[in-house]
Amino acid sequence: MSSGLRLTFGVIVATLMVGGLGLAEIAEPTNALPNPYRSIGNWARLPDGRSWGSTSGVDIDPDGASVWVAERCGAYAPPSLMKPGAPFACDGSDLAPILKFDAAGTLVKSFGAGLLILPHGLHVDRGGNVWVTDGLGRDGKGHQVLKFSADGALLMRLGKAGIAGDGADEFNAPSAVLVAPNGDIFVADGHGGNTNARIVKFAADGKFIKTWGQKGSAPGDFDTPHALAMDSRGRLFVGDRNNNRIQIFDQDGGFIDQWTQFSRPSGIYIDRNDVLYVTDSESGSVARNHAAWRRGIRIGSARDGSVTAFIPDPAETATGTSAAEGVAADAMGNIYGAEVGPKRLMKYVRN
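From a predicted model like this one, the values you see are computed outputs, not experimental measurements.

Engineer: Hey, could you go over the packing of aromatic side chains for me, with residue numbers and the actual values?
Structural biologist: Taken as a whole and judged by the stated rule, the model has 14 aromatic pairs. Relative to Phe 101, the ring of Trp 43 lies with its centre 6.3 Å away and its plane at 50 degrees, an arrangement referred to as tilted. Linking Trp 43 in the loop between β4 (37-40) and β5 (55-60) with Phe 101 in strand β7 (residues 98-101), this pair joins segments that are 58 residues apart in sequence. What makes Phe 101 buried here is its relative accessible area of 0%. Between Trp 259 and Phe 262, the aromatic rings sit 6.2 Å apart at their centres with planes inclined by 25 degrees, giving stacked as the arrangement. Over the face of the ring belonging to Phe 310 we find Arg 298, whose NZ or CZ atom lies 4.2 Å from the ring centre.

Engineer: Talk me through empty space enclosed by the protein; I want residue IDs and the actual numbers.
Structural biologist: According to the stated counting rule, one finds two cavities of 30 Å³ or more in the structure shown. Forming the walls of the largest cavity are Gly 296, Ile 297, Ile 311, Pro 312, Asp 313, Pro 314, Ala 323, Ala 324, Glu 339, Arg 344 and Tyr 348. Contributions of two or more residues to the lining of the largest cavity are made by β23 (296-301), β24 (307-312) and β27 (344-350). In terms of residue class, the lining of the largest cavity is built from seven nonpolar, one polar and three charged.

Engineer: Tell me what's going on with unusual backbone geometry, and back it up with residues and numbers.
Structural biologist: You will see that Ala 89, though not glycine, has its phi angle at about 50 degrees, which is positive. Position of Ala 89 relative to the elements: it lies in the loop between β6 (67-71) and β7. With phi around 75 degrees, Thr 224 is a residue other than glycine that occupies positive phi space. For Thr 224, the location among the structural elements is in the loop between β16 (208-212) and β17 (225-230). We classify Thr 224 as buried; its relative accessible area is 7%.

What counts as what
- Residues numbered from 1 in each chain as written.
- Predicted model: local features only at pLDDT ≥ 70, side-chain atom pairs only at ≥ 80, totals over all residues.
- Heavy atoms only, no water.
- Phe/Tyr/Trp six-rings, centres within 6.5 Å; stacked < 30°, edge-to-face > 60°.
- Helix = DSSP H or I, 4+ residues; strand = E, 2+ residues; numbered from the N terminus.
- Buried < 20%, exposed > 50% of the residue type's maximum accessible area, 1.4 Å probe, protein only.
- Lys NZ or Arg CZ within 6 Å of the ring centre and 35° of its normal.
- 1 Å grid on protein atoms, 1.4 Å probe; cavity = no way out; pocket = protein on both sides within 12 Å on 5 of 7 lines; lining within 4 Å.
- Points joined across faces, edges and corners; volume = space filled by probe spheres on them.
- Nonpolar A, V, L, I, M, F, W, Y, C, P; charged D, E, K, R; others polar.

In structure tokens, the structure reads:
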């Protein structure tokens, strides 16, 4: 076994060599990058009497300016806190968890009350349909992916309500969903622990096509597949969070590459110019297996893997999830971070 160092993606990368084959590339921490953004707190305004809960799902409307958010009904709700028989997140709430804000931060639409337990991942497809993963399940609800029209009509359910499983029509803690330009549906199925660790692919009508991945750390394995994004070349980016890497696949599950220079990915967003935005909500003082890295949002290129900017988490000593998990960027380049721990939606604009 041998190892070496090389300069790539604008950072130092250590390559572990076994028998001459590079099995893993581990970048040095990309903590000391410029931050050309300033934050705007309390940008998105909820109606009087309603306060923000945890949120990890955010995406941009096809208009390029409006922002969709999946919010956990006013509750501080990391998945690990659900207790049998106790109200949790949106379970038992009459609040609508799916929210649309205009460019000024005014709430213009809300829906989905009573349909979800833990809204986790959110994706808006090219037709304006809103897809949400329900990351927990009990009492005949959850462990599903729901498709809504832009007006809130429920159009499709994937998975069996309230049933955790690994069959072709089952999920166990689905974390993210993405719809490809041709209509194919990809679901990142699993949220660590004893849940699943795979990608599931469906046709546009919901018919199962295939699945790939298993619990592990080898290329093509997953440990908490937490986020999905697709670049202009049609490559599927998977935030393999507990393995501290992004994995890149073709749309049939063929492994292409893995990147570690974007830290421990909770959220991924790729814009029309292949600018890559990656959130890290767990490194440093939270995830001890990634202690040298700082939490925050890293910005770079999906084309060559370069990392060019970093918005740091101001809470340096947090012990639970902190800073953004979900991330999106509008047509003007403004960045939105959906935060579970601080219970808010942040906006970042260029200085």
